[in-house]
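A look at the structure
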Amino acid sequence: TRALRLTRWGGPPTLTESTRSVPTGEEVLIEVEAAGICRSDLHVIDARDGVLPYRLPFTLGHEVAGRVVERGPEAAGPTIGERVVVYGPWGCGTCARCAAGAENYCDRRTALDADGVGTGAGLGRNGGMADLMLVPSKRLLVPVGDLAAAQAAPLSDAGLTAYHAVASVRSALGDDPCACVVILGVGGLGHLAVQILRATTNAQVLAVDVRAEALALAGECGAHFATLLRPDTAAVLRGRTGGVGAAAVLDFVGNGSTMELAAGVLRAGGELAVVGSGGGQLVIRKPGALPPGTRVSLPFWGTRPELEAVVALARAGSLRVRVEEFPLSGAAEAIARLRSEAVRGRAVLVP
Ligand code: NAD
Ligand code: ZN
Ligand code: ZN
């Protein structure tokens, strides 16, 4: 069977043939139906040796949907043939956080990293850009029913991370019927964040991107206003908030320009969630660039119950992923397209 393996830092990843693995213990073998490509995959491929606590080689793909085809002897539960998405952050499975389904914030993460265990599917451990994928336990599977695979796969990261980020700023929205939320970057994660905000809050959604087609996508997803990043964007956005400033900013880029913009548009007592790993820096200082009362969070992925909620939203028709499909054999082309900022929504590999 085929798998897209990262064999050396800097890449490129290569499509290799190997024999089919047999699930042992609690493991479950999934026949992959779709695997999304995230900008984080580019960050991983491009990482220099020693930067990430992962051992090479491993199979990429942390956004996976498929069908259960085989179970280990101790894997009671998922029925053969059941269609699932894989909950991607894999913690120790036993600490208090993991027991609550928040493996993204596993209490043993530091120890796992020190042992080079990997963060989860496709991030140091074998992921789903492959024909088959071995999942350590059924606790990491969420049923999706008859949701199309190319829709389901992106929910497990783009959808889940966007949902968790929205949850992290929800308290700042309060009951204010015209609270404004600014979305920076309307790509794979951002276009789902716009839809999640529209489906679950009353917020006015203001979107910013550097590409005109991303602004069009924001509009299709329900954003009330969308504008290109320009030197005067902070003033334009503040104008849209009636001069008050935004209750929350979700930064799906995380570079210097977007963090500076975030500081310039937040109202006092607002929330900034930095999701993107764009390498930008923001100085925390009182008084400083951020308005008084600002809360800053660095949300990472999401919890298993949140993934169930995202799947439910999608099955109810409140969430639709804009997808560009590629065959697994066309992974290099898909990755190049993401690199050149040409993807609209999410690129998904379909074996
Ligand atoms: P993407 O490439 O699909 O989307 C990024 C969008 O940002 C694009 O539309 C791009 O045009 C836009 N953009 C780029 N520079 C911009 C700027 N200066 N101002 C405004 N818009 C700009 O990427 P994605 O897969 O949605 O991932 C977004 C980021 O989130 C990446 O850095 C990724 O690594 C990170 N990420 C974080 C988590 C987490 O748990 N924290 C999870 C997944 C992805
Ligand atoms: Zn990702
Ligand atoms: Zn744990």
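As annotated in an unreviewed UniProt entry, the protein carries the name alcohol dehydrogenase and comes from Streptomyces cylindrosporus. Checking UniProt for the protein, the heading Sequence similarities (unreviewed entry) contains the comment "Belongs to the zinc-containing alcohol dehydrogenase family." Of the protein, the UniProt comment under Cofactor (unreviewed entry) reads exactly: "Zn(2+)".

Considering the sheet that holds strand E4 (residues 58-59)
Read from one edge of the open sheet, three strands run E2-E1-E4, paired in antiparallel fashion. The open sheet is flanked by strand E2 (14-17) and E4, the only strands paired with a single partner. Two strands pair when backbone bridges link them, and strand E1 (residues 2-6) and E2 are joined in this way by four bridges, in the antiparallel orientation. In the strand pairing of E2, Ala3 is matched with Thr16.

Overview of the sheet that holds strand E16 (residues 295-297)
Overall, parallel pairing links the six strands, which are arranged E13-E12-E11-E14-E15-E16 in an open sheet. Where the open sheet ends on each side, the last strands, each with one partner, are strand E13 (225-228) and E16. With direction set aside, neighbouring strand axes in the sheet form an average angle of 15°. Summarising the sheet, strand E11 (residues 180-184) and strand E14 (residues 246-251) pair through four bridges and their orientation is parallel. In the sheet register, Val181 faces E14, and the bridge partner there is Ala248.

Criteria and thresholds
Residues numbered from 1 in each chain as written. Chains lettered and ligands numbered in written order. Predicted model: local features only at pLDDT ≥ 70, side-chain atom pairs only at ≥ 80, totals over all residues. UniProt positions renumbered as here; feature names shortened; annotations may be inferred. Pairing = 2+ DSSP bridges. Helix = DSSP H or I, 4+ residues; strand = E, 2+ residues; numbered from the N terminus. Axes fitted to C-alpha atoms, helices over the stretch in contact; angles between N-to-C directions.

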